[in-house]
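Chain by chain, the residues run as shown.
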Amino acid sequence: MGWFERTYNRIKRSKKKVDIPDGLWTKCIKCGEIIYNKKLEENLRVCPQCGYHFYIGARKRLEITLDKDSFREYDSVITSDNPLNFPHYEEKLEKSRKETGLDEAAIIGEGRIGGKSIVVGVTDYGFMRGSMASVVGERITEAVEKAIEKRYPLLIISGSGGGARMQEGMISLMQMAKTSAAIARLKRERLLYLSLLTHATMAGVMASFASQGDIILAEPGALLGFTGPRVIKQTIRQQLPPGFQSSEFLFKHGMIDLIVKRDEIRPTLIKILNLILPGF
Amino acid sequence: MVERSRYYLDFEKPIIELEQKITELEGLAKKEKLDFKEEIKILQSRLKNLKESIFANLTPWQRVQLARHPERPKPLQLASFIFEDFLLLHGDRLYGDDQAIIGGLAKIENEGIVFIGHQKGKSIKENLSRNFGMAHPEGYRKASRLMSLAEKFKKPVVTFIDTPGAYPGIQAEERGQAEAIAANLEKMARLETPILVIVTGEGGSGGALGIGVGDRILMLENAIYSVISPEGCAAILWKNQEKVEEAAEALRLTSQDLMKLGLIEEIIPEPLGGAHKDIEQTAINIKQAIIRNLSELKDLTLPELLEKRYEKYRRIGKFKRK
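The structure displayed is predicted, hence computed values, not measured ones.

### Some points on the domain arrangement of chain A
Residues and elements named next belong to chain A. For chain A, the domain assignment lists domain 1 (25-53) and domain 2 (55-276). Placing the centre of domain 1 and that of domain 2 at their C-alpha centroids yields a distance of 24 Å. Across the contact, five residues belong to domain 1 and nine residues belong to domain 2. At the boundary of domain 1 with domain 2, total buried surface from both sides reaches about 640 Å², with 60% on carbon and sulfur atoms. Among the residues domain 1 hides against domain 2, the three largest losses belong to Leu-44, Arg-45 and His-53. Together they make up 85% of the total. Put simply, domain 1 and domain 2 have one salt bridge between them.

Printed below as a string of structure tokens:
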């Protein structure tokens, strides 16, 4: 055997090409396992083989987190404009609206978890990468103010890899300050704020309300951080260590309380509420 | 007659050429003992008009270049003109002392304040130690510590913003860059003392905002403040670095645009040609703005101050009603 002879293991494995009929099966992004869609849904869109957490939209997220049929969405009368006349912004909004069925990247409302009333906000990575536009900042702030008014705990589930939305320029950046100011008020009122981080939460959202939770949870394997890995790589011209900016990386560095698998999120939230809320 | 070769920007080329012509003519007049007084006078008035017309019609990209000008006065240099006395304090008490953010105690018109600023370097060597004004988490945590000091001793806080952004690096992420900035936003929203923010150069996104929440946001005339750098925006939007000028335009990052959008309270004028052409005058303009704004903020009671600060941010956002 020559020194440079290849072993064909890897190639063989990736050659295992299976014809996947559309809409019936999903190939796991991480391990390549072919998963029957029905099975994937039952498993809360987590790969049964390797535990990879697939993206789930905001509505589905609320459904699996809150008590059955308890969610009541706050009416929102606002919708995104193009305040800077930014090129192609309207097209991108329209595309995201079609793809997600949402009008913007955030949904807010109230519901119950384990019977306890809670105000909840979700940002959806599928809508322009969950980036914080005026409407997103406004809704998150409304949710915080509602929690103060009703004296409910607040849960925000972030999936905002896009940070502050570029297309709204500085108006977006200032949403970081606006949401933070609201959270600061909430904390002064001694109300509980739980932050759940999902893939991906970066930049302007990670550097504002997502990092301000009294307790911070994260799904496994999410990309979480401030600067995107591509920009860091370009700047320092070094390879990034494996697992850099993953939930596990943040946990190791003391930035989050718990990494919680998707099917454990509800029981964990119930447990936290039970342990921390008075009168139970 | 060797003048220090000055760094100049492309759009300043006609100015530089005319200045050279005048210098040549003056040299010739001296050497040949000829009288060119009239001609020189004409050229000088032409020079003044030229400067005024160029600087009155700067494009956003030209302002970006001015805001990043290597000779643009940095916060420490401005501090020495603005404050009667100041003392730098160091360290975040947690990890280290980030040279990219400076801060300490100062006196202005005999009033004590705490000042904090991003600090870019003047030379390559200084820039390396200061990371080109890009702070690590310890920089934001040093700022936080100084703000607590200000709150405790009832001193107003004045911050100077001049950064390309928070440092993008492995260690910065390990030590919680996002957390450090988020914590400051929360803290500044409720800090029980007036906060005055002045963007003196480059306001680079979240890294700028990390010391940039306050009661009033002021900008030097040619300073910029943006959610993303024009280069970053061009790369994302057009996948093309040549499009930086369009990106600078689209982002609405000039002081004039931000004033129109209602995101800042005041523009501080710069000397003709930019802040670096007359650093002392720039500092005087900043000083006057600080004194006036602080004295206005001092008239508010603490609950009024905090309520107004909250309302100021609460109002920000542009959307349609359904």
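From this point on, the discussion continues.
### Quick look at helix H1 (residues 13-32) of chain B
Residues and elements named next belong to chain B. Across its 20 residues, H1 extends 28 Å between first and last C-alpha, which sits within 8% of the 28 Å expected from 1.5 Å per residue. Listed in full, the buried residues belonging to H1 are Ile-15, Ile-16, Leu-18, Ile-22, Leu-25 and Ala-29. Residues of H1 that are buried sit in contact with helix H2 (37-56).

### Description of the pattern of salt bridges
Under the criterion given, the structure shown has 41 salt bridges over all chains. Ionic pairing is found between Arg-139 of chain A and Asp-103 of chain A, a salt bridge with its closest N-O pair at 2.9 Å. Separated by 36 residues along the polypeptide, Arg-139 of chain A in helix H5 (residues 134-150) and Asp-103 of chain A in the loop between helix H4 (89-100) and strand S5 (106-113) bring together distant segments of the chain. Looking at Arg-139 of chain A, the relative accessible area reads 3%, which means it is buried. According to the relative accessible area criterion, Asp-103 of chain A is partly exposed, its value standing at 26%. Of the charged contacts in the structure, one is a salt bridge between Arg-314 of chain B and Glu-138 of chain A, with a shortest N-O distance of 3.1 Å.

### Some points on the environment of Phe-86 of chain B
Its place among the elements puts Phe-86 of chain B in strand S1 (residues 85-88). Each C-alpha atom, one on Phe-86 of chain B and one on Lys-155 of chain B, is 14 Å from the other, the two residues being 69 residues apart in sequence.

### Some remarks on the interface of chain B and chain A
The parts lose accessible area when they come together, and the size of an interface is often stated as this lost area. On the chain A side, the residues contacting the 49 residues of chain B number 61 residues. The largest share of the area that chain B buries against chain A comes from Glu-173, Tyr-310 and Arg-314 of chain B, three residues that together contribute 14% of it. At the junction of chain B with chain A, the criterion picks out six salt bridges. A salt bridge links Arg-185 of chain A to Glu-307 of chain B; its shortest N-O distance comes to 2.8 Å. Taken together, chain B and chain A are joined by 18 residue pairs in polar contact (both at pLDDT 80 or more). With nine residues, the single largest contributor to the side of chain B that touches chain A is helix H8 (residues 177-190) of chain B. Residues that form the side of chain B that touches chain A fall into these classes: 27 nonpolar, eight polar and 14 charged.

### What to know about a nonpolar patch on the surface
Residue and element names in this part refer to chain A. There is a patch of nonpolar side chains on the surface, built from Leu-24, Trp-25 and Tyr-36 and spanning about 290 Å² of accessible area. With respect to the helices and strands, Tyr-36 occurs in strand S2 (residues 34-36). By relative accessible area, which is 40% here, Tyr-36 ends up partly exposed.

### A short note on the packing of aromatic side chains
Evaluation of the coordinates by the stated rule reveals eight aromatic pairs over all chains. Here Trp-25 of chain A and Tyr-36 of chain A contribute two aromatic rings whose centre-to-centre distance is 5.1 Å and whose plane-to-plane angle is 50°, an arrangement assigned as tilted. Of the two residues, Trp-25 of chain A sits in strand S1 (residues 25-27) while Tyr-36 of chain A sits in strand S2, which places them eleven residues apart along the sequence. With a centroid separation of 6.0 Å and 70° between ring planes, the pair formed by Phe-11 of chain B and Phe-55 of chain B is classed as edge-to-face. Placement of the pair is Phe-11 of chain B in the segment before H1 and Phe-55 of chain B in helix H2, with a sequence separation of 44 residues. The two residues Phe-11 of chain B and Phe-55 of chain B agree in class, both being buried. Among the aromatic residues, ring-to-ring pairing joins Phe-83, Phe-86, Phe-115 and Phe-160 of chain B into one connected group.

### Some thoughts on unusual backbone geometry
Following His-199 of chain A, the chain continues into Ala-200 of chain A via a peptide bond in cis, with omega recorded as -15°. A positive phi angle, close to 50°, is found at Arg-237 of chain A, a residue other than glycine. Looking at the secondary structure, you find Arg-237 of chain A in the loop between helix H8 (229-236) and helix H9 (247-252). With a relative accessible area of 73%, Arg-237 of chain A lands in the exposed category. Located in the positive-phi region is Arg-93 of chain B, a residue other than glycine, with phi close to 65°. Assignment of secondary structure puts Arg-93 of chain B in the loop between S1 and strand S2 (101-108).

### Points about the nonpolar core
Residues Leu-154 of chain A together with Tyr-225 and Ile-290 of chain B are the most contacted members of the largest nonpolar core, which totals 155 residues. A per-element tally of this core places helix H6 (residues 169-188) of chain A first, with eleven residues. Residues Phe-11, Ile-15, Leu-43 and Ile-54 of chain B belong to the second largest nonpolar core, which totals 15 residues.

### Focus on the domain arrangement of chain B
Residues and elements named next belong to chain B. Domain annotation of chain B identifies domain 1 (10-57) and domain 2 (64-315). Centre-to-centre separation of domain 1 and domain 2, based on C-alpha positions: 37 Å. Counting residues at the interface gives six residues for domain 1 and six residues for domain 2. Approximately 520 Å² of surface area, both sides summed, lies buried where domain 1 meets domain 2, with 67% of it carried by carbon and sulfur atoms. Sorting the residues of domain 1 by area buried against domain 2 places Phe-11, Glu-12 and Phe-55 first, and these three jointly supply 70% of that buried surface. Connecting domain 1 to domain 2 are zero salt bridges. Where domain 1 packs against domain 2, one counts zero residue pairs in polar contact (both at pLDDT 80 or more). Within the side of domain 1 that touches domain 2, the residues separate by chemical class into two nonpolar, no polar and four charged.

Conventions we followed
- Residues numbered from 1 in each chain as written.
- Chains lettered and ligands numbered in written order.
- Predicted model: local features only at pLDDT ≥ 70, side-chain atom pairs only at ≥ 80, totals over all residues.
- Heavy atoms only, no water.
- Domains from an automatic or database assignment.
- Contact = heavy atoms within 4.5 Å.
- Buried area = accessible area lost by both parts, 1.4 Å probe.
- Salt bridge = Lys/Arg side-chain N within 4 Å of Asp/Glu carboxyl O.
- Helix = DSSP H or I, 4+ residues; strand = E, 2+ residues; numbered from the N terminus.
- Expected span 1.5 Å × (residues − 1).
- Buried < 20%, exposed > 50% of the residue type's maximum accessible area, 1.4 Å probe, protein only.
- Polar contact = N/O pair within 3.5 Å; in protein donor to acceptor, adjacent residues only side chain to side chain.
- Nonpolar A, V, L, I, M, F, W, Y, C, P; charged D, E, K, R; others polar.
- Patch = residues over 30% accessible without salt bridge, like charges linked within 9 Å, V, L, I, M, F, W, Y side chains within 5 Å.
- Areas by Shrake-Rupley, 256 points an atom, 1.4 Å probe, with all protein chains shown as cover.
- Phe/Tyr/Trp six-rings, centres within 6.5 Å; stacked < 30°, edge-to-face > 60°.
- Core = buried A, V, L, I, M, F, W, Y, C linked by side-chain atoms within 4.5 Å.

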